[in-house]
Amino acid sequence: MTFRVRSVVAGIPDPTSASFLGMPLWLWVIVGGVALFGAFQVYYWVGHVLGSRLYTSRLGTKIGQENILRVEKVVRKWGALAVYACFWVPGLRHTLPWVAGVLRISYPWYVVASALGCLTWVPVTSFGLYSVIWGWLELVVRSPLLAGLVAVAAVAVIAWFVRRRRRRVARSEADSQVAAP
């Protein structure tokens with residue numbers, strides 16, 4: 001009696017073979033990480049140079065004074081750790097660095113926190129999105145109808161979430177206007 005042992009590795013594709021638009025995925029991840037790190041430095045220095053004038057700018061009024069003060073509180077309490085954590089919170093990722101610049105938190109610690117954030121967040125999201133996209137495309141090949149249903153369900157969930165969030169913001173604004181004389 002003989003047993004055939006199939007190699008486990010035979011079913012797993014080579015991770016270095018993944019590509020997007022002809023460029024290897026790992027190179028996209030590196031370029032994306034460097035670009036995001038650069039953007040974070042620009043955000044900090046714009047906040048640093050503009051100071052509190054940033055709060056009254058068009059960007060500041062769009063973000064809202066109440067939201068800026070909440071972000072300020074987080075930055076004052078957690079410092080550079082808040083910079084690292086903001087990578088994992090979608091709305092905060094592009095507002096907290098400005099506020100960190102306005103508050104002039106330690107730039108060397110800011111650089112370390114933003115570098116660590118880029119080194120961890122960019123690969124996770126890149127490979128995660130790549131996996132979701134390729135998984136859905138594989139589903140398209142196997143069952144186009146099911147893939148269409150999954151796409152419709154995903155769009156419906158996103159639309160529901162956006163609508164719910166907009167209602168919550170509108171309700172909050174209405175409550176603040178009623179409370180203010």
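Up top is the structure these notes are about.
A brief structural summary.

The full count for this structure, using the stated rule, is 1 cavity of 30 Å³ or more. Here the largest cavity defines a volume of roughly 60 Å³. Elements that contribute at least two residues to the lining of the largest cavity include exactly α2 (53–56), α3 (58–63) and α6 (96–103). It is α3 that provides the largest number of residues to the lining of the largest cavity, a total of 3 residues.

Another aspect to go through is the side chain of S114. Considering the arrangement of structural elements, one finds S114 in helix α7 (residues 107–142). There is a polar contact of 3.1 Å between the side chain of S114 and the side chain of Q41. When neighbours within four sequence positions are excluded, S114 is seen to be in contact with F37, F40, Q41, V83 and F87.

For the rest of this paragraph, the subject is the nonpolar core. The biggest cluster of nonpolar side chains holds 28 residues, and the ones touching the most others in it are L36, F40, V83, F87, L96, I105 and Y110. Sorting the residues of this core by element identifies α1 (25–50), α2, α4 (65–78), α5 (80–85), α6 and α7 as the ones contributing at least two each. Those residues within four positions of L36 in sequence are excluded, and the remaining contacts are F87, H94, C118, W121 and V122.

In this description, a pair of aromatic rings is defined by centroid distance and the angle of the planes. Summed over the entire model, instances satisfying the criterion amount to 9 aromatic pairs. Residues Y43 and W98 carry aromatic rings whose centres are separated by 5.0 Å and whose planes lie at 25° to one another, so their mutual orientation is stacked. Residue Y43 is located in helix α1, and its partner W98 is located in helix α6; the two are separated by 55 residues in the primary sequence. Summarising the burial analysis for this pair, Y43 and W98 share the class buried. Arranged with centres 6.1 Å apart and planes meeting at 20°, the rings of Y107 and Y110 form a pair that is stacked. Within this pair, Y107 and its partner Y110 are both found in helix α7, separated by 3 residues, close to a single helical turn. Judged by relative accessible area, Y107 falls into the partly exposed class, the value being 25%. Chaining the aromatic ring pairs together yields one cluster made of F40, Y43, F87, W98 and W121.

Time to look at the layout of surface pockets. Approximately 730 Å³ is the volume attributed to the largest pocket. In terms of lining residues, the largest pocket is bounded by 19 residues, among which I63, N67, R70, R165 and V169 are the most central. Elements supplying a minimum of two residues to the lining of the largest pocket: α3, α4 and α8 (144–179). Looking at which element gives the most residues to the lining of the largest pocket, the answer is α8, with 7 residues. Here the lining of the largest pocket is built from residues that sort into 6 nonpolar, 7 polar and 6 charged.

The rules behind these values
- Residues numbered from 1 in each chain as written.
- Predicted model: local features only at pLDDT ≥ 70, side-chain atom pairs only at ≥ 80, totals over all residues.
- Heavy atoms only, no water.
- 1 Å grid on protein atoms, 1.4 Å probe; cavity = no way out; pocket = protein on both sides within 12 Å on 5 of 7 lines; lining within 4 Å.
- Points joined across faces, edges and corners; volume = space filled by probe spheres on them.
- Helix = DSSP H or I, 4+ residues; strand = E, 2+ residues; numbered from the N terminus.
- Polar contact = N/O pair within 3.5 Å; in protein donor to acceptor, adjacent residues only side chain to side chain.
- Contact = heavy atoms within 4.5 Å.
- Core = buried A, V, L, I, M, F, W, Y, C linked by side-chain atoms within 4.5 Å.
- Buried < 20%, exposed > 50% of the residue type's maximum accessible area, 1.4 Å probe, protein only.
- Phe/Tyr/Trp six-rings, centres within 6.5 Å; stacked < 30°, edge-to-face > 60°.
- Nonpolar A, V, L, I, M, F, W, Y, C, P; charged D, E, K, R; others polar.

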